[in-house]
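# Understanding the architecture of this molecule
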Amino acid sequence: MMAAAFHDIGKIGTPDRILLKTSPLSDSEWLQMQQHADIGEKIMLSLGLKNAILVGKVIRHHHEHYDGSGYPDGLLGEDIPLPSRIITIVDSYDAMAEKRAYHQARSHEEIMEILHQETGKKHDPCLMSDFCRCIESSPLRKIYA
Ligand SMILES: [Fe+2]
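Residues numbered from 1 in each chain as written. Predicted model: local features only at pLDDT ≥ 70, side-chain atom pairs only at ≥ 80, totals over all residues. Heavy atoms only, no water.

## Overview of the domain arrangement of the protein chain
Filter applied, for reference: Where each domain starts and ends comes from a domain assignment, either automatic or drawn from a database. When checking whether two residues touch, look at their non-hydrogen atoms; a contact exists if any pair is within 4.5 Å. As a working definition, buried area equals the accessible area (1.4 Å probe) given up by two parts on being put together, with both sides summed. One speaks of a salt bridge when a side-chain nitrogen belonging to Lys or Arg is within 4 Å of a carboxyl oxygen belonging to Asp or Glu.
Segmenting the protein chain into domains produces domain 1 (1-60) and domain 2 (78-145). Taken together, the nine residues of domain 1 in the interface contact seven residues of domain 2. Surface buried jointly by domain 1 and domain 2 totals about 620 Å² across both partners, of which 66% is contributed by carbon and sulfur atoms. Looking only at domain 1, the three residues that lose the most surface to domain 2 are H7, T22 and V58, adding up to 60% of its buried area. For the pair domain 1 and domain 2, the interface holds zero salt bridges.

Written out as structure tokens, the structure is:
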């Protein structure tokens, strides 16, 4: 729960000119953006809280992809901590449902189609199956016209 709430805390180290950029990021900007996972883990460890090592690890790996193509360590499948794999799915849904500097909010149907396309690549297929069941009846489901 704590890792989910603070998964992007490392973005405090990312310049606003990158976070709020409306055009595609350059290679160097993208590398800077990716550092938020490592910075987030370091922030969590610096707090010295109970379970900081575990929470920091979950934060570090919330952008890993099931097929090994994610960052920062390119972990594959179940080598990615389970909470990180869950956060990846929920964060993806949330990011697409909200209007961002670089895209409009998408409908639930559009989001689910994209998530299904990413299953097995970005997302754990078993967890996606669970997510699909949960989101259909969730009061937190975002509904846009
Ligand atoms: Fe993130």
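## Section: the coordination of the iron ion
This is how the line gets drawn: Counted as donors are N, O and S atoms no farther than 2.8 Å from the metal, or 3.2 Å for Na, K and Ca; water is not among the atoms, and sites may therefore look incomplete. By the criteria applied here, four donors are tetrahedral when all angles lie between 85 and 135 degrees, four are square planar and six octahedral when opposite donors are over 155 degrees apart and every other angle lies between 65 and 115, and any other arrangement is irregular. Where helices and strands are cited, they refer to DSSP runs of H or I of at least four residues and of E of at least two residues respectively, numbered from the N terminus. Exposure classes here rest on a 1.4 Å probe applied to the protein chains alone. A residue is buried below 20% of its type maximum, exposed above 50%, and partly exposed in between.
Protein ligation of the iron ion involves D8 (OD), H36 (NE2), H62 (NE2) and H63 (NE2), the donor distances falling in the range 2.1 to 2.2 Å. One way to put it: the four donor atoms around the iron ion meet at angles of 88 to 179°, and that makes the site irregular. All donors of the iron ion belong to a single chain; written as a sequence motif, their spacing is D-x27-H-x25-H-H. Separated by 26 residues along the polypeptide, H36 in helix α3 (residues 27-47) and H62 in the loop between α4 (52-60) and α5 (82-97) bring together distant segments of the chain. As far as burial versus exposure is concerned, H36 and H62 are alike and both buried.

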